[in-house]
Amino acid sequence: MKKIIALTLALVLTLGLVACGNSAPAPTEAAKAPETTEAPAAEKAPEAAADAGVEITLWTYPVGKWGDQATVEQLMADFKAETGISVKVEFLSYKDGDDKINTAITAKQAPDLVLEGPERLVANWGAKGYMVDMSDLLDDTDKAEILPAPLAACTSKDGKLFEYPVVMTAHCMAVNLTAFKDAGADQYLDLDTHTWTTENYFKAIEALEAKFGGTVTTVFCGGQGGDQGTRALINNLYGGTFTDADHSKYTWDDEANIKAITALHDTKGVDFDAAIAGGDEIKLFYQGVLKMANCWNIQQQLDPNQAGTGAGKTVTGDEIVCMAFPTESGDPDLQGGIWGFGIFDNGDQAKIDAAKKFVKYFADSEHTVDTVKTSSFFPVRSAAEGTDLSTVWNGNETMEQYQVLMPYLGDYYQVTNGWAQARTSWWNMLQKVGEGQDVTESVAQFVAEANAAAQG
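Note that the structure is predicted; figures quoted are calculated from it, not measured.

Observations concerning the packing of helix α9 (residues 227-237) against helix α10 (residues 255-265)
Their axes nearest at 7 Å, the elements α9 and α10 cross at an angle of 110 degrees. By the angle class used here, α9 and α10 are roughly perpendicular. Listed contacts from α10 to L233, I234, N235 and L237 of α9 are N257, A260, I261 and L264. Residues of the contact of α9 with α10, tallied by class, amount to 6 nonpolar, 2 polar and no charged.

Quick look at the structure:
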């Protein structure tokens, strides 16, 4: 397993080595404050006396069990015991988390810390001047241990580290292997490489629709949640792209993407569903209603639907297999996810200093092992202050199997200017296609919106 992770860490250098800014999404005034929980008091170590009484806030998106209250409270209690710093935690969802943070920023009540990815911490809030530069937390050893790709994605064009990267993964899709076998569609899967061709993908849909009827898979477009799945599906089918290599403009109006969208729209068993987003699709897949899911990653494979029923099974016991998105070339280009900590600049140096101690504790110390395990993702670094991270997932069969997908990681284009608008334009475009609007017309309209935001 150690060799496998080491190989993975070398291969994921294919991620894009860039980062740039864009506009933060407009705040929603009606956004409600997230639920709050304060970590239970823990006995404070003597060396923590200097920080006694300092309280900071962490707002965390549901990155694995970083969205689980009991798990996070214990981590915060351990942190307080060692440092004397209290942490009040608020749990966000991807449905409205951005709105809540933007509302807090507008009210000058932003959290001290946030756990999420570069598209928010660097390209949104960092670019708008809300985040603290954490470059001082990196020494030469850190730079040697952290993979260049995630480190670059977490750094602004002018060299400011707005996110301290901790974990990463490859987003993928999943299939109900039991249903595939029942329909004779398993012949279209390469279960050794977890890849398949575009031709075989459509053959599988035909076989599954003939066997079970109804909707086999969805192009969900009820919002931006899980949209990395629909982007990757459409881009991979015929070799399309979402942005240019320099991340200066959006390119999903290329002929390959138009061909892919048209093919999906015209295929029986594929539904452009404006009533659901990624999380809803996962639930329907887990329940056996859908036979494929486009919104998937190792977190889902380990515990589908976060139901606690074990790895790789639907609610009825059907076997789930993770797959790369289908391609004509046989060379998939998967979306990567990077997560880490950022610090909001709220003008209180004592809290900024405490937040930096928090980041070092969870992202660059012996405790980083706990951070990684809590996330259910893979470490972005080989070691942390002498602690080897290549053995974190030793003995976990599901994590080992998932490693086959990591070499397929593609460009991290989520830091392109205008990203917030691009995501909105993307799912709005898919809705229009589902309603029957001409594909070429819809694509042209909405990519123009995204590029206007990128240039603005």
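From this point on, the discussion continues.
Focus on the sheet that holds strand β6 (residues 172-176)
Strand order in the open sheet formed by 3 strands is β9-β6-β10, and the pairing between neighbours is antiparallel. Two strands in the sheet have a free side with no partner beyond their single neighbour: β9 (292-296) and β10 (320-323). Here the average twist between neighbouring strands, direction ignored, is 30 degrees. In this sheet, β9 lies alongside β6 in antiparallel orientation, the contact comprising 3 bridges. By the bridge assignment for β9, V175 is matched with M292.

A few points about the pattern of salt bridges
This model, assessed by the stated rule, comprises 15 salt bridges. Residue K356 pairs with D136 through a salt bridge whose shortest N-O separation is 2.9 Å. Of the two residues, K356 sits in helix α13 (residues 349-363) while D136 sits in the loop between α4 (118-126) and α5 (140-145), which places them 220 residues apart along the sequence. Close ionic contact of E145 with R381 constitutes a salt bridge, the shortest N to O distance being 2.7 Å. Of this pair, E145 sits in helix α5 while R381 sits in the loop between β12 (378-379) and β13 (383-384), placing them 236 residues apart in sequence. Across the pair, R381 and E145 agree in class, each one buried. Salt bridges sharing common partners tie together D142, E145, K360, D364 and R381.

Structural notes on the packing of aromatic side chains
Evaluated as defined, the whole model comprises 25 aromatic pairs. A centroid spacing of 5.7 Å and a plane angle of 80 degrees characterise the contact between W66 and F362, whose relative ring orientation is edge-to-face. Of this pair, W66 sits in the loop between β2 (55-60) and α2 (69-83) while F362 sits in helix α13, and the two are 296 residues apart along the sequence. Assigned by exposure class, W66 and F362 land together as buried. Relative to W252, the ring of F242 has its centre 4.8 Å away and its plane inclined at 25 degrees; by these criteria the two rings are stacked. Residue F242 is located in the loop between α9 and α10, and its partner W252 is located in the loop between α9 and α10; the two are separated by 10 residues in the primary sequence. Assessed through its relative accessible area of 2%, F242 is described here as buried. Here the guanidinium or amino end of R231 rests over the ring plane of F242, the centre of that ring lying 5.5 Å away. The lysine or arginine in question, K291, covers the ring of F212, its NZ or CZ lying 4.5 Å from the ring centre.

Focus on a negative patch on the surface
Residues D78, E82, E366 and D370 make up a contiguous surface patch of negative charge. Residue position: D78 is located in helix α2.

Let's talk about empty space enclosed by the protein
Applying the stated criterion across every chain, the model contains 2 cavities of 30 Å³ or more. Of the pockets and cavities examined, the largest cavity occupies roughly 40 Å³. In terms of lining residues, the largest cavity is bounded by V63, W66, L115, V166, V167, W339, G340, F341, T371 and S375. Listed by contribution, the elements that provide at least two residues to the lining of the largest cavity are β5 (164-170), β11 (336-343) and α14 (368-375). Grouping the amino acids of the lining of the largest cavity by side-chain chemistry returns 7 nonpolar, 3 polar and no charged. In this model, the second largest cavity occupies a volume close to 30 Å³. In terms of lining residues, the second largest cavity is bounded by D112, I343, F344, N346, G347, D348, K351 and I352.

Let's talk about the layout of surface pockets
Unoccupied space between atoms shows up once a probe the size of one water molecule is rolled over them. Reported here for the second largest pocket is a volume of approximately 310 Å³. The wall of the second largest pocket is formed by 21 residues, among which N235, G240, T241, F242 and D333 lie closest to the centre.

Structural notes on the packing of helix α16 (residues 419-435) against helix α17 (residues 439-455)
Here α16 crosses α17 at 170 degrees, and the two axes come no closer than 9 Å. On the basis of the axis angle, α16 is roughly antiparallel to α17. Counted together, Q421, A422, S425, N428, M429, K432 and V433 of α16 and V439, S442, V443, F446, E449, A450 and A453 of α17 form the full contact between these two elements. Its residues assigned to classes, the contact of α16 with α17 comprises 8 nonpolar, 4 polar and 2 charged.

Re α17
With 17 residues, α17 should cover 24 Å at 1.5 Å per step; its first-to-last C-alpha distance of 24 Å lies within 8% of that length. Three or more residues of α17 are buried, namely V439, S442, V443, F446, V447, A450, N451 and A454. All buried residues of α17 project into a common sector of 150 degrees when viewed along the axis, lining one side. Those residues of α17 that are exposed and angled more than 90 degrees off the buried face are A452 and Q455.

Rules of the game
Residues numbered from 1 in each chain as written. Predicted model: local features only at pLDDT ≥ 70, side-chain atom pairs only at ≥ 80, totals over all residues. Heavy atoms only, no water. Axes fitted to C-alpha atoms, helices over the stretch in contact; angles between N-to-C directions. Helix = DSSP H or I, 4+ residues; strand = E, 2+ residues; numbered from the N terminus. Parallel < 35°, antiparallel > 145°, perpendicular 65-115°, else oblique. Contact = heavy atoms within 4.5 Å. Nonpolar A, V, L, I, M, F, W, Y, C, P; charged D, E, K, R; others polar. Pairing = 2+ DSSP bridges. Salt bridge = Lys/Arg side-chain N within 4 Å of Asp/Glu carboxyl O. Buried < 20%, exposed > 50% of the residue type's maximum accessible area, 1.4 Å probe, protein only. Phe/Tyr/Trp six-rings, centres within 6.5 Å; stacked < 30°, edge-to-face > 60°. Lys NZ or Arg CZ within 6 Å of the ring centre and 35° of its normal. Patch = residues over 30% accessible without salt bridge, like charges linked within 9 Å, V, L, I, M, F, W, Y side chains within 5 Å. Areas by Shrake-Rupley, 256 points an atom, 1.4 Å probe, with all protein chains shown as cover. Lys, Arg positive; Asp, Glu negative; His and termini not counted. Charge placed at Lys NZ, Arg CZ, Asp CG, Glu CD. 1 Å grid on protein atoms, 1.4 Å probe; cavity = no way out; pocket = protein on both sides within 12 Å on 5 of 7 lines; lining within 4 Å. Points joined across faces, edges and corners; volume = space filled by probe spheres on them. Expected span 1.5 Å × (residues − 1). Arc of directions from axis to C-beta.

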